[in-house]
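Spelled out, the chains give:
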There are 2 protein chains.
Amino acid sequence: MQGYDKYAHEPFAVTVDLAVLTLREGALHVLLVERGQEPYAGKWALPGGFVRPDESAETAARRELAEETGLDDVSAASGLHLEQLRTYSDPGRDPRMRVVSVAFAALLPDAPEPHGGGDAAEARWLPYDDTGPLAFDHDRILADAHDRVGAKLEYTCLATSFCPPEFTLGELQQVYETVWGTGLDRPNFRRKVLATPGFVEPVPGAARLTGGRGKPAALYRAGTATALHPPLLRPPREGRSA
Amino acid sequence: MQGYDKYAHEPFAVTVDLAVLTLREGALHVLLVERGQEPYAGKWALPGGFVRPDESAETAARRELAEETGLDDVSAASGLHLEQLRTYSDPGRDPRMRVVSVAFAALLPDAPEPHGGGDAAEARWLPYDDTGPLAFDHDRILADAHDRVGAKLEYTCLATSFCPPEFTLGELQQVYETVWGTGLDRPNFRRKVLATPGFVEPVPGAARLTGGRGKPAALYRAGTATALHPPLLRPPREGRSA
DNA sequence: TGACTAATAGTCATGACGACTATAAAGAAC
DNA sequence: GTTCTTTATAGTCGTCATGACTATTAGTCA
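To start, this report covers the structure provided alongside it.

About the thresholds
- Residues numbered from 1 in each chain as written.
- Chains lettered and ligands numbered in written order.
- Predicted model: local features only at pLDDT ≥ 70, side-chain atom pairs only at ≥ 80, totals over all residues.
- Heavy atoms only, no water.
- Pairing = 2+ DSSP bridges.
- Helix = DSSP H or I, 4+ residues; strand = E, 2+ residues; numbered from the N terminus.
- Near = heavy atom within 4 Å.
- Polar contact = N/O pair within 3.5 Å; in protein donor to acceptor, adjacent residues only side chain to side chain.
- Axes fitted to C-alpha atoms, helices over the stretch in contact; angles between N-to-C directions.
- Parallel < 35°, antiparallel > 145°, perpendicular 65-115°, else oblique.
- Left-handed = near helix turned anticlockwise from the far one by under 90°.
- Contact = heavy atoms within 4.5 Å.
- Nonpolar A, V, L, I, M, F, W, Y, C, P; charged D, E, K, R; others polar.

So, the sheet that holds strand 9 (residues 200–208) of chain B
All names here are of chain B.
Here is step 1: With antiparallel pairing, three strands are arranged side by side in an open sheet as 8-10-9. Only two strands of the sheet have a single neighbouring strand rather than two, namely strand 8 (167–168) and strand 9.
Here is step 2: Pairing analysis gives two bridges linking strand 8 to strand 10 (residues 217–222), with the strands arranged antiparallel. Bridging across to strand 10, F167 finds its partner in Y220.

Here we look at the protein's contact with DNA strand D
Here is step 1: R186, R190 and A218 of chain A together with N188 and R191 of chain B are the nearest of the 21 residues found near DNA strand D.
Here is step 2: Within 4 Å of the protein, the contacting atoms of DNA strand D are drawn from sugar and phosphate to the extent of 60%.
Here is step 3: N188 of chain B is positioned such that a nitrogen or oxygen atom in its side chain is 2.9 Å from a base nitrogen of DNA strand D.
Here is step 4: Here K192 of chain B contributes a side-chain N or O atom positioned 3.0 Å from a phosphate oxygen of DNA strand D.
Here is step 5: Elements with a minimum of two residues in the surface near DNA strand D: helix 4 (186–195) and strand 10 (217–222) of chain A together with helix 4 (186–195) of chain B.

Considering the packing of helix 2 (residues 138–155) of chain A against helix 3 (residues 169–180) of chain A
Residue and element names in this part refer to chain A.
Here is step 1: Interhelical geometry of helix 2 versus helix 3 gives an angle of 140 degrees and a closest axis separation of 10 Å. By the angle class used here, helix 2 and helix 3 are oblique. Helix 3 is crossed by helix 2, and the crossing has left-handed handedness. Seen from helix 2, the contacting residues are H146, V149, G150, L153 and E154; seen from helix 3, they are V175, Y176, V179 and W180.
Here is step 2: Residue classes in the contact of helix 2 with helix 3 are distributed as six nonpolar, two polar and one charged.

Spelled out as structure tokens, the structure:
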């Protein structure tokens, strides 16, 4: 950290990239923008942009999220979760110049269709499993975001960030099942969630019909706890040992 | 990510900061350098430096680690663990200019006294609990490193990164106790570690006298596993509920 | 030889969890 | 209405992980 001189070093551009995840119709969806220019023109990319001189990366991420989704209120309103993932800095990751990108993962409850208010040519929710190769190293960033979210579901109460303010335990379970790609036993999931103090708290007297059929489910709100002790471990992948 | 122009935006300096942790005499120690210039002249700081134009942040971190510690071989040799923590980008974090810093945590087994080969005026191992206020936002970075390492001990085999190539289970337990700041039951710790396939593997026939007294302990090497399933949870802090 | 120390072996009760069965409350089919 | 289907919720049972202990072994030190 010696010899500071603003122009002694090649300037780096610093950007943020956002992996914005949500659940639509029981499937994990990602917010993507279509690139209008080379390189990767016509390809889908994660939304993002330059960090401004007076901003932190976190501030820039929030601003970009509002711009690209048109969900200005979302940051204040529902339980938006914005989390720094890691920073991608390979010298060749942008063919034009040296760009260091701080990646964030953002989780949204419901997903209003974005109206590309910002620079984005077109912003759309695309199913996570159905994203072709993305621009730059965004495939890797997206995969890292998925990994991180999947891991944090185990030992935090993060799952409620995917849910609307009031939700059923079935909906909460769907978050786990969708992100993890596994099925969970319903009574056991219920027992575990309710046994964790502060994970969810019941909404008195309220119930929701889960699409018509079946017994109406009780409604819950997100509790005050953030950590999960002991964790809710995802079932270990089978077929490992002999 | 539109409108790329190398000089259209204020240039950011990109640096890496390293929280290098080790265990000396049963206490957590951090590698710190004494600053020779303003700002924060005379204060201790985390080692670090500029990312060069042709480097990734990870490469820069490895280079700085070798330079500052004089432990060139260490990256190749023993089980060095280098992990990206997060990126610190508050506009005011360096009073001179806009510096975005990618922080890394590095874990070393034994700790040869560093011979400040790099720019560092003086590099020293200082006890973690005895670091006065550090320069810049390095207190926060260091605390984040500690948090991260403590958390990763729970669900990874990271603890062996603090140990020499061959170690006793008592030494491994000391890693947990020191980083977590708690005591652990020795037989239970032993049972847990040995029950986790791939965590450690015995060195046949070898034993070490743990400082003279007591029964000699068997020696183990780090196994091939990286994850811990189920995790080794740290004892929950007491005095929470009524 | 006999304290002392530390590693290792083993026991026991509790708690968490996976697998499963049973019941309740709704709509749909007839 | 009655019955079937669907989904939520309640409860059971055995297993495994774990916390709290006790016992034994193998060394040093006095």
